Each structure stands twice: as C-alpha cells, then as structure tokens.
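In case you want the letters, here they are:
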Amino acid sequence: MAHTRIRKFNTKDTYPEQNIDNDLCQAVVARGTTVFLRGQIGQNLDTSESVCIGDVKGQTEQAMYNIDMLLKEAGGKLEHICKVTIYISDPRFREDVYRVVGRWLKGVFPVSTGIVVSAFARPEYLVEVDATAVIPD
C-alpha cells in the first residue's frame, strides 16, 4: 500500500443489514503530493454533458470514472486515495452508490464520509463524490 491505513474494516461487518462491501479505514497517514479533486458527478468531463439522468448507479459510475481519469492525469491512481466524501440526495440511494464506489475502491481502504443533502447544483444530479489523494514521492 502507498500509505499507512489505520484500523481497516469492511462495511459488510459493520453494517451487515445494508449489504454493502466497502473496504474502509478510520485514518490514513500519507506522505507525498496531495491532490484535491473537485466533487465528481454524472457528467462527461470532455463534453460537460450530464449523463445517466435518473440513474444513481450510472451517475456514480461516471463520477468514479472521472476520479480515476483525473488521478491518472495528475500522475496518480485510485490506490492513492486517502479520503472520499459521498453526497447523496436521497438516503435510499446509499446502498446502490456505495456498492459502485466500493467496487472501484476495493482494497484501497480510504477514510469515507457520507452525507445526505437536499439538493445539488442541478436538479438531475443525484450523487457527488469527492476525493483527496496523496501520490507518494
């Protein structure tokens, strides 16, 4: 692992009733170049087009694709992510969103915070994911 992960856990053990399988931890000790990513949504970064309107899983896939692409452009990769914050507009989206994020970040063990919000910048947005990564020296 690129960074030290403290108190790793999996959500299937912590929240067995939610059927989510995400590798997380309580803290990350990181060294290197910090990359702060803007919150990513269901938007194609090349065209600025909103995608997967009405489809929270599809919007989450696009957000994670964007995060992966931006980290690669910064010289990093998903395993360098230390913190993610996941914003959803409806608490019923939690399991679908976390399953998608968990698949993209399997084995990474970031620190994670989830927040339910009343609205996003555009009404078609259902989820937003932001991430902070540290690329090792």
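This one's a predicted model, so the numbers in the text were calculated from it and none came from an experiment. (Residues numbered from 1 in each chain as written. Predicted model: local features only at pLDDT ≥ 70, side-chain atom pairs only at ≥ 80, totals over all residues. Heavy atoms only, no water.)

The secondary structure content of the protein amounts to 3 helices and 8 strands. When the helices and strands of the protein are listed from N to C terminus, the series reads β-β-α-β-β-β-α-β-α-β-β. The globule rule puts the C-alpha radius of gyration for 137 residues at 14 Å, and the 14 Å found for the protein is close to it. Buried residues in the protein amount to 46% of all 137 residues. (Helix = DSSP H or I, 4+ residues; strand = E, 2+ residues; numbered from the N terminus. Rg over C-alpha atoms; globule rule 2.2 N^0.38 Å. Buried < 20%, exposed > 50% of the residue type's maximum accessible area, 1.4 Å probe, protein only.)

By size, the foremost hydrophobic cluster in this structure holds 25 residues, and its most contacted members are Ile67, Leu71, Ile81, Ile86, Val97, Leu105 and Val129. Going through the elements one at a time, α2 (56-73), β6 (81-88), α3 (94-104) and β8 (127-135) are the ones with two or more residues in this core. Contact partners of Leu71, with chain neighbours within four places excluded, come to Val35, Leu37, Gly76, Lys77, Leu78, Ile81 and Ala133. (Core = buried A, V, L, I, M, F, W, Y, C linked by side-chain atoms within 4.5 Å. Contact = heavy atoms within 4.5 Å.)

This brings us to the pattern of salt bridges. Inspection of every chain in the model, using the stated rule, returns 8 salt bridges. Close ionic contact of Glu61 with Arg103 constitutes a salt bridge, the shortest N to O distance being 2.2 Å. Linking Glu61 in helix α2 with Arg103 in helix α3, this pair joins segments that are 42 residues apart in sequence. Classification of Glu61 by relative accessible area gives partly exposed; the value is 25%. (Salt bridge = Lys/Arg side-chain N within 4 Å of Asp/Glu carboxyl O.)

With respect to the secondary-structure elements, Ile53 resides in the loop between β5 (33-36) and α2. Its relative accessible area of 60% is what places Ile53 among the exposed residues. With 70 residues separating them in the primary sequence, Ile53 and Pro123 have C-alpha atoms 9.7 Å apart. Setting aside residues no more than four positions away along its own chain, Ile53 makes contact with Gln59 and Glu124.

With that settled, consider the packing of aromatic side chains. In total, this model carries 0 aromatic pairs according to the counting rule given. In this structure, Arg94 packs its charged tip against the face of Tyr98, placed 4.5 Å from the ring centre. (Phe/Tyr/Trp six-rings, centres within 6.5 Å; stacked < 30°, edge-to-face > 60°. Lys NZ or Arg CZ within 6 Å of the ring centre and 35° of its normal.)

This brings us to α2. Helix length check: α2 (18 residues) gives 26 Å between terminal C-alpha atoms against 26 Å at 1.5 Å per residue, within 8%. By the burial criterion, the buried members of α2 are Val56, Gly58, Gln59, Thr60, Gln62, Ala63, Met64, Asn66, Ile67, Asp68, Met69 and Leu71. Next to the buried residues of α2 lie β5, β6, α3 and β8. Residue Asp55 occupies the N-cap position of α2, its side-chain oxygen lying 3.2 Å from the main-chain nitrogen of Lys57. (Expected span 1.5 Å × (residues − 1). Polar contact = N/O pair within 3.5 Å; in protein donor to acceptor, adjacent residues only side chain to side chain.)

What the 4 strands build is an open sheet, ordered β5-β8-β6-β7; its pairing is mixed. Two strands bound the open sheet, and with one partner strand each, they are β5 and β7 (111-116). For this sheet the average axis-to-axis angle between neighbouring strands, irrespective of direction, equals 10°. Of the strand pairs in this sheet, β6 and β7 are connected by 6 bridges, and their pairing is parallel. The residue bridging Ile88 from the neighbouring strand is Val116, located in β7. Each of β5, β6 and β8 is contacted by α2, which is oriented at about 20° to β8, the strand it contacts most. (Pairing = 2+ DSSP bridges. Axes fitted to C-alpha atoms, helices over the stretch in contact; angles between N-to-C directions.)

From the geometry alone we can't say anything about function, so treat these as descriptive.
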